[in-house]
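Structure assessment
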Amino acid sequence: MEAHVSHVNEEENEDPGAALYGNFINYYSFNPPENRLSLIPETLLENIGLDERVLILDVGCNSGDLSVAFYKHVLHKEASGNDFPQREVYLLGFDLDQDLILRAQSSNPYPQNIQFIPWISQMMQRARQS
């Protein structure tokens, strides 16, 4: 019995393609952030913090669409709740994929309150190479 061995072009094998880190670059065009936000239980945001400032961390923020939508969602909940004072809300998103971070940064409507950065390890690796 002969075993069939597939020969893959070496160049194709080394090319990581569009999803270098397993991210789906156009994820939110198929899964709108609003659909994900609708899954958040109302009680999750009831005790978001007692301080005047709230920091939200989005690990694996992709292109930032859900980050921005969640930020707006939190601001809306803050504005609609009259039983607690208005707080400063900040969001920090990071991802492994530099291209997605660049996309998030360029489309960020709230740069004073939302920041997108590449994964810290990548930044340290680049600094060592300089």
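Values in this document were obtained by computation on a predicted structure and should not be read as measured data.

About the thresholds
- Residues numbered from 1 in each chain as written.
- Predicted model: local features only at pLDDT ≥ 70, side-chain atom pairs only at ≥ 80, totals over all residues.
- Heavy atoms only, no water.
- pLDDT = per-residue confidence, 0-100.
- Helix = DSSP H or I, 4+ residues; strand = E, 2+ residues; numbered from the N terminus.
- Contact = heavy atoms within 4.5 Å.
- Buried < 20%, exposed > 50% of the residue type's maximum accessible area, 1.4 Å probe, protein only.
- Arc of directions from axis to C-beta.
- Polar contact = N/O pair within 3.5 Å; in protein donor to acceptor, adjacent residues only side chain to side chain.
- Core = buried A, V, L, I, M, F, W, Y, C linked by side-chain atoms within 4.5 Å.
- Salt bridge = Lys/Arg side-chain N within 4 Å of Asp/Glu carboxyl O.
- Phe/Tyr/Trp six-rings, centres within 6.5 Å; stacked < 30°, edge-to-face > 60°.

Side note on the confidence of the model for the protein
Parts of the model with low pLDDT should not have their predicted coordinates read in detail. Averaged over every residue, the pLDDT of the protein is 77; residues scoring 70 or more account for 66%. Mean pLDDT across the elements of the protein ranges from a minimum in helix α1 (residues 10-14), with 45, to a maximum in strand β3 (residues 114-118), with 95. Every residue in residues 1-13 scores below 50 in pLDDT, and together they form one contact with partners more than four places removed in sequence or on other chains.

Some points on helix α5 (residues 98-106)
All of the buried residues in α5 are Leu 100, Ile 101 and Ala 104. In a view along the axis of α5, the buried residues occupy a sector of 100°, so they form one face of it. Opposite its buried face, α5 presents the exposed residues Asp 99 and Ser 106, each directed more than 90 degrees away. Next to the buried residues of α5 lie β2 (88-95) and β3. A distance of 2.9 Å separates the backbone nitrogen of Asp 99 from a side-chain oxygen at the start of α5, and that oxygen is part of Asp 97.

Things to note about the nonpolar core
Membership of the largest hydrophobic core comes to 19 residues, with the highest contact counts inside it found for Leu 37, Ile 56, Phe 70, Val 74, Ile 114 and Phe 116. Of all the secondary structure elements, the ones that give two or more residues to this core are β1 (53-59), α4 (65-80), β2, α5 and β3. At six residues, α4 tops the list of elements feeding residues into this core.

Re the pattern of salt bridges
Oppositely charged side chains can form a pair if their charged atoms are brought close together. Under the definition given, this model contains one salt bridge. Between Glu 88 and Arg 53 there is a salt bridge, with its nearest N and O atoms 3.5 Å apart. Pair noted here: Glu 88 is in strand β2 and Arg 53 is in strand β1, with a separation of 35 residues, a long-range link. Judged by relative accessible area, which is 58%, Arg 53 ranks as exposed.

Brief notes about the packing of aromatic side chains
Scanning the model with the defined rule gives two aromatic pairs in all. Here Tyr 27 and Tyr 28 contribute two aromatic rings whose centre-to-centre distance is 5.1 Å and whose plane-to-plane angle is 85°, an arrangement assigned as edge-to-face. Of the residues examined, Tyr 28 reaches a relative accessible area of 12% and is grouped as buried. Relative to Tyr 110, the ring of Tyr 71 has its centre 5.1 Å away and its plane inclined at 45°; by these criteria the two rings are tilted. With Tyr 71 in helix α4 and Tyr 110 in the loop between α5 and β3, this residue pair connects regions lying 39 residues apart in the sequence.

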